Every structure is written in C-alpha cells, then in structure tokens.
Amino acid sequence: MLVALLPDWLQDKAKVNQETIQRLLEENDQLICDIMVYQDKGQANQCIQYPHAFHRNLINLATVADATPTSASKSME
C-alpha cells in the first residue's frame, strides 16, 4: 500500500478495516450532496474545496482496493 497517499489518520494503520472504508464512503456521499446543494443555489464557487476532498477520498479508496487481495487470489493460495 502506498502509505504516502493516505491521510494522516490512515498512515499508521497497516490494516484498513471496514469502518475506515465506510467512513470514506459516507464522507464522499456527504461531499456529493453538499456540492449539489451549492450548485443548485448557484454558489458553486463556495464549494471549491469539496471536489478536491472527494478526489482525495477516491484515491484513498483505490489505494486500499489495490492493496486488498481479491477472494480469487486467496482461494488459489
């Protein structure tokens, strides 16, 4: 796992648990909702940092997914 890409609260954990993944997914859900609210109000410039946070979370989730062995590779061992 590329620890450098993970946020500080994840860097010390070699093993990412389901709660961490769920936390990132829920944060992404909230970010999407917030972005939509600001866009509907015509205030897209007020949420400029939200897409950056969303992207960061997607990268973190992808990093976790890449580091997690699939069930097919486990069964082969």
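S.K.: Would you take a moment to explain the side chain of Asn57 for this structure?
M.R.: Tracing the chain through its elements places Asn57 in helix H3 (residues 49–67). Overall, Asn57 belongs to the buried group, its relative accessible area being 1%. When near neighbours in sequence (up to four residues on either side) are disregarded, Asn57 contacts Leu24, Glu27, Asn28 and Leu31.

S.K.: How do you make sense of H3 when you look at a structure like this?
M.R.: The α-helix winds at 3.6 residues per turn, so residues separated by three or four positions along the chain end up facing the same way. The end-to-end C-alpha distance of H3 is 27 Å, a good match for the 27 Å that 19 residues give at a rise of 1.5 Å each. Along H3, the residues that are buried comprise Tyr50, Ala53, Asn57, Asn60, Leu61, Thr63 and Val64. When H3 is viewed along its axis, its buried side chains cluster within an angular range of 155° and face the same direction. Residues His52 and Asp66 are exposed on H3 and point more than 90 degrees away from its buried face.

S.K.: Looking at this structure, how should I read the pattern of salt bridges?
M.R.: Opposite charge on two side chains permits them to pair, given that their charged atoms come into close proximity. A complete count under the given rule lists one salt bridge for this structure. Here Arg56 ties to Glu27 by a salt bridge, and the two come within 3.3 Å at their closest N and O atoms. Within this pair, whereas Arg56 is found in helix H3, its partner Glu27 is found in helix H2 (residues 18–40), the two being separated by 29 residues in sequence.

S.K.: Looking at this structure, how should I read the environment of Cys47?
M.R.: Looking at the secondary structure, you find Cys47 in the loop between H2 and H3. Each C-alpha atom, one on Cys47 and one on Val37, is 9.5 Å from the other, the two residues being 10 residues apart in sequence. Not counting the four nearest positions on each side in its chain, Cys47 is found in contact with Ile35 and Tyr38.

Definitions and cut-offs
- Residues numbered from 1 in each chain as written.
- Predicted model: local features only at pLDDT ≥ 70, side-chain atom pairs only at ≥ 80, totals over all residues.
- Heavy atoms only, no water.
- Helix = DSSP H or I, 4+ residues; strand = E, 2+ residues; numbered from the N terminus.
- Buried < 20%, exposed > 50% of the residue type's maximum accessible area, 1.4 Å probe, protein only.
- Contact = heavy atoms within 4.5 Å.
- Expected span 1.5 Å × (residues − 1).
- Arc of directions from axis to C-beta.
- Salt bridge = Lys/Arg side-chain N within 4 Å of Asp/Glu carboxyl O.

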